[in-house]
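# Analysis of the macromolecular model
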Amino acid sequence: MNPERNHNKRGLLGTFLIIIGVILLLGNLGYLPYQLTDILFRWPMIFVAIGIYNLLKKQYTGAIITLAIGGLYLLPHFIDDLSYRDIFKFWPVFLILIGVTFYFKRRELMPANQRGARVDEYIDEMDIFGGGVTQVESHNFKGGRVTAIFGGGEVYLDRCQLSPDGAVLDVAMIFGGSKIMVPRDWNVKTEVVSIFGGFADKRNFFADTPPETSRTLVIKGLALFGGGEIRSL
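Residues numbered from 1 in each chain as written. Predicted model: local features only at pLDDT ≥ 70, side-chain atom pairs only at ≥ 80, totals over all residues. Heavy atoms only, no water.

For the structure on display, the rule yields seven salt bridges. We note a salt bridge from Lys189 to Glu191, for which the minimum N-O separation is 3.6 Å. Considered together, Lys189 and Glu191 belong to a single accessibility category, that of buried residues. Across the salt bridge formed by Arg231 and Glu229, the nearest N and O atoms sit 2.5 Å from each other. (Salt bridge = Lys/Arg side-chain N within 4 Å of Asp/Glu carboxyl O. Buried < 20%, exposed > 50% of the residue type's maximum accessible area, 1.4 Å probe, protein only.)

This brings us to the sheet that holds strand E6 (residues 177-181). Two orientations exist for strands paired in a sheet by backbone hydrogen bonds: parallel and antiparallel. Taken together, five strands build an open sheet; the order of strands is E2-E4-E6-E10-E8 and the sheet is parallel. For this open sheet the edge positions go to strand E2 (133-135) and strand E8 (198-201), each flanked by a neighbour on one side alone. In this sheet, neighbouring strand axes are inclined to one another by 10° on average, regardless of whether the strands run parallel or antiparallel. Bridging between E2 and strand E4 (residues 152-156) involves three bridges; their strand directions are parallel. Within E4, the residue paired with Val133 across the bridge is Glu154. (Pairing = 2+ DSSP bridges. Helix = DSSP H or I, 4+ residues; strand = E, 2+ residues; numbered from the N terminus. Axes fitted to C-alpha atoms, helices over the stretch in contact; angles between N-to-C directions.)

As a further point, take the packing of aromatic side chains. In this description, an aromatic ring pair is defined by two values, namely the gap between the centres and the angle between the planes. Taken as a whole and judged by the stated rule, the model has two aromatic pairs. Between Phe150 and Phe175 the ring centres are 5.0 Å apart and the planes differ by 0°, which places this aromatic pair in the stacked class. Separated by 25 residues along the polypeptide, Phe150 in the loop between strand E3 (143-149) and E4 and Phe175 in the loop between strand E5 (167-174) and E6 bring together distant segments of the chain. Exposure remark for Phe150: the relative accessible area of 43% places this residue in the partly exposed category. Of the residues examined, Phe175 reaches a relative accessible area of 42% and is grouped as partly exposed. (Phe/Tyr/Trp six-rings, centres within 6.5 Å; stacked < 30°, edge-to-face > 60°.)

This paragraph deals with the nonpolar core. By size, the foremost hydrophobic cluster in this structure holds 23 residues, and its most contacted members are Phe141, Leu157, Val171, Trp186, Leu217 and Ile219. Contributing elements (two or more residues each) for this core: E3, E5, strand E7 (186-195) and strand E9 (212-224). In terms of residues, this core owes the most to one element, E5, which gives four residues. (Core = buried A, V, L, I, M, F, W, Y, C linked by side-chain atoms within 4.5 Å.)

Moving on, we come to a nonpolar patch on the surface. Taken together, the side chains of Met126, Ile128, Phe129, Phe150, Phe175, Phe196 and Phe225 define a hydrophobic patch exposed on the protein surface, amounting to about 780 Å² of accessible area. Within the secondary structure layout, Met126 lies in strand E1 (residues 122-128). (Patch = residues over 30% accessible without salt bridge, like charges linked within 9 Å, V, L, I, M, F, W, Y side chains within 5 Å. Areas by Shrake-Rupley, 256 points an atom, 1.4 Å probe, with all protein chains shown as cover.)

This paragraph deals with the environment of Gly151. Among the secondary structure elements, Gly151 is positioned in the loop between E3 and E4. Classification of Gly151 as buried rests on a relative accessible area of 19%. Separated by 23 residues in sequence, Gly151 and Ile174 place their C-alpha atoms 8.5 Å apart. Among residues more than four places away in sequence, those in contact with Gly151 are Asp127, Phe129, Gly130, Phe175, Gly176 and Gly177. (Contact = heavy atoms within 4.5 Å.)

A separate point is the side chain of Glu121. Positionally, Glu121 belongs in the loop between helix H6 (92-104) and E1. At 3.1 Å, the side chain of Glu121 forms a polar contact with the side chain of Asn140. With residues up to four places along the chain from it excluded, the contact list for Glu121 reads Ser138, Asn140, Phe141, Lys142 and Gly143. (Polar contact = N/O pair within 3.5 Å; in protein donor to acceptor, adjacent residues only side chain to side chain.)

Next comes the structure, spelled out in structure tokens:
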């Protein structure tokens, strides 16, 4: 784990909490207009705050979705004729946002430097309304993508070796989930944004198998009304 990057995240979180605290304090002391505090202190602002925080962390998928959720629930406060019941008419917006995200991220799986790579160095697994088991064998694994939508599967990386530069695995768990099996001594870092879902590291750690710190598998992405887990054999 990069200590400098970890300190940057703590600094970002600290700055974000300070700003929220100052806004709340000014509102309680009456230094902010009532119209503004009436909006800031409503529960949908929780989603807006999470979205802004994810945006600052450059986790754009989670930021867009949480901002959309908060924005939709704030609409009745700006449009008099709109009720909370009317908001549910806009639920297809989330499908559109997810589709737009997949569309613009479709090229991220294979950057220019990957065009000459071997097939077994990258994976692109997709489980939709179903699932399966995938065994990956590679001596130079560099990452890829795992997508589960209303379904799920299992991806076994236990016979893989990470590339010298490590690997990045982009996951998208939407009303579904996946189980990722990795060697017990791998150093794994999770950067998954969870919205009404979760992504957990449930590996079994033993003292005689220290992690391989020189190479890291980074798992990032989104768990929306779904989740996943990392396990080891």
